[in-house]
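Each chain, written out:
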Amino acid sequence: MRRLAAAVVVLWVGRWAALELASLAGHLLPRGPAPRDSARQPGRLPGPFEG
């Protein structure tokens, strides 16, 4: 039972740490072009053959 509880805590803390790192990376990376300046329409994903 202790191992299960420890595994749950490790997974929960690991998930939290991953989310914090993703948030930090999002703040450190440069911003992309504004939607009006972008070649694509907002919300449209590129197709498999578009660069």
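Up top is the structure.
(A) Up close: the overall build of the protein chain. Helix and strand content of the protein chain: one helix and zero strands. Taken along its principal axes, the extent of the C-alpha atoms in the protein chain is 55 × 25 × 15 Å. In the protein chain, buried positions account for 0% of the 51 residues. A total accessible area of about 5,400 Å² is found for the protein chain, and carbon and sulfur atoms account for 65% of it.

(B) Fine view of a nonpolar patch on the surface. Residues Val9, Trp12, Val13 and Trp16 make up a contiguous nonpolar surface patch of about 470 Å² in total accessible area. Mapped onto the fold, Val13 is located in helix α1 (residues 2-28).

(C) Main features of the environment of Glu50. Tracing the backbone through its elements, the reader meets Glu50 in the segment after α1. Under the relative-accessibility criterion, Glu50 is labelled partly exposed at 41%. Separated by 36 residues in the primary sequence, Glu50 and Gly14 have C-alpha atoms spaced 35 Å apart.

(D) Layout of the environment of Pro46. Positionally, Pro46 belongs in the segment after α1. Each C-alpha atom, one on Pro46 and one on Leu24, is 26 Å from the other, the two residues being 22 residues apart in sequence.

Rules behind the numbers
Residues numbered from 1 in each chain as written. Predicted model: local features only at pLDDT ≥ 70, side-chain atom pairs only at ≥ 80, totals over all residues. Heavy atoms only, no water. Helix = DSSP H or I, 4+ residues; strand = E, 2+ residues; numbered from the N terminus. Buried < 20%, exposed > 50% of the residue type's maximum accessible area, 1.4 Å probe, protein only. Areas by Shrake-Rupley, 256 points an atom, 1.4 Å probe, with all protein chains shown as cover. Patch = residues over 30% accessible without salt bridge, like charges linked within 9 Å, V, L, I, M, F, W, Y side chains within 5 Å. Salt bridge = Lys/Arg side-chain N within 4 Å of Asp/Glu carboxyl O.

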